[in-house]
Amino acid sequence: MITLNRIKFLASLHQKKFRIEHAQTVVEGLRVIRQMMDNGLTPEELYFSQPKPEYNDIIDRIDADRVFQLDTRDFSRITETRSPQGIAALFPIVPKPLNERNFLLYLDRVSDPGNMGAIMRTAAAAGVDGIVLSPECCEATNPKVVRASLGASMFMPVEIHDAKWLTGFESVLAADMNGENIFEVEHLPCPLALVIGSEAHGISPEVLSLCTKRLSIPMTDHMESLNAAVSSAILIYEIRRKNF
């Protein structure tokens, strides 16, 4: 059994201040939980509302005394989505340092959790070494970011630094509509940092002034711009194609 006080504690983790204070977060969804476990993260507790065969491989990997079946009301209290998927887990927040610096992303003022999560998911899939967030970005362990990133925001190296951090790189590339066509640039020397700005405001003038090259994605006149996550995916994979 799980106590009412424990349910209240888990529900409190919806708030950023409590996630930071306790270094824990609740993650929803079978695919996300499985992806995180496959990348070496172990849940402290697992919760489900109704037993399902597809949960068995996850449940079997966790000690039985850390697995709890909750009624629908309690399960909805500890989760955030309107239609919970029926399984959730409590994970510790364990920051990973940037040990490899050959290809990094710098996200400048990216505040939309869905965009940030999608960018991180692509970065993990493409083999980017890590991600640096400007202080104005949304929190990497926000449950929406975790779900959108398929857990990458929890198992990838992520650090927070202001713009001065970029001075440590000789090659700092900016995603900029006024930059050079990425498909016409022949070589992009590593190590490098690729800077992605927010959809609403783009890259800040301070950060842009530290960039050594600006890169754009060619588009027709029918559309003003691309989604930040889509732009990131195109640039990340084209940089990998040219350099790795």
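Please refer to the structure placed before this passage.
Residues numbered from 1 in each chain as written. Predicted model: local features only at pLDDT ≥ 70, side-chain atom pairs only at ≥ 80, totals over all residues. Heavy atoms only, no water.

K.L.:
Would you mind going over helix H6 (residues 113-126) with me for this structure?
P.N.:
An α-helical turn contains 3.6 residues, so any two residues separated by three or four positions project in the same direction. Across its 14 residues, H6 extends 20 Å between first and last C-alpha, which sits within 8% of the 20 Å expected from 1.5 Å per residue. Where H6 is concerned, the buried positions are Pro113, Asn115, Met116, Gly117, Ile119, Met120, Thr122, Ala123 and Ala126. Immediately downstream of H6, the backbone of Gly127 shows phi near 85°, a positive value. (Helix = DSSP H or I, 4+ residues; strand = E, 2+ residues; numbered from the N terminus. Expected span 1.5 Å × (residues − 1). Buried < 20%, exposed > 50% of the residue type's maximum accessible area, 1.4 Å probe, protein only.)

K.L.:
Could you clarify how one ought to interpret the packing of aromatic side chains in this entry?
P.N.:
Centre-to-centre distance and the angle between the planes together describe a pair of aromatic rings. Tallied over the full model, the rule gives four aromatic pairs. Between the aromatic rings of Tyr47 and Phe68, the centroid separation amounts to 6.1 Å while the plane-to-plane angle is 25°, which identifies the pairing as stacked. Linking Tyr47 in strand S2 (residues 45-48) with Phe68 in strand S3 (residues 67-69), this pair joins segments that are 21 residues apart in sequence. For the pair Tyr47 and Phe68, a shared accessibility class is recorded, and that class is buried. Taken together, a centroid distance of 5.9 Å and an interplanar angle of 15° make the contact between Tyr106 and Trp165 stacked. Here the residue Tyr106 occupies a position in strand S5 (residues 103-108), and Trp165 occupies one in the loop between strand S7 (158-160) and strand S8 (171-181), the gap between them amounting to 59 residues. Assigned by exposure class, Tyr106 and Trp165 land together as buried. (Phe/Tyr/Trp six-rings, centres within 6.5 Å; stacked < 30°, edge-to-face > 60°.)

K.L.:
How should the pattern of salt bridges be read in this particular structure?
P.N.:
When the charged atoms of two side chains with opposite charge come close together, those side chains can pair. Inspection of every chain in the model, using the stated rule, returns eleven salt bridges. A salt bridge links Glu28 to Arg147, with the nearest nitrogen and oxygen atoms 3.6 Å apart. Of this pair, Glu28 sits in strand S1 (residues 24-28) while Arg147 sits in helix H7 (residues 143-148); the two residues are 119 residues apart in sequence, bridging distant segments of the chain. For Arg147, a relative accessible area of 21% corresponds to the partly exposed category. Between Arg34 and Asp57 there is a salt bridge, and its shortest N-O distance comes to 3.1 Å. Placement of Arg34 in helix H3 (residues 30-38) and of Asp57 in helix H4 (residues 56-59) is noted, with a sequence separation of 23 residues between them. What makes Arg34 partly exposed here is its relative accessible area of 24%. You can call Asp57 partly exposed: its relative accessible area is 33%. (Salt bridge = Lys/Arg side-chain N within 4 Å of Asp/Glu carboxyl O.)

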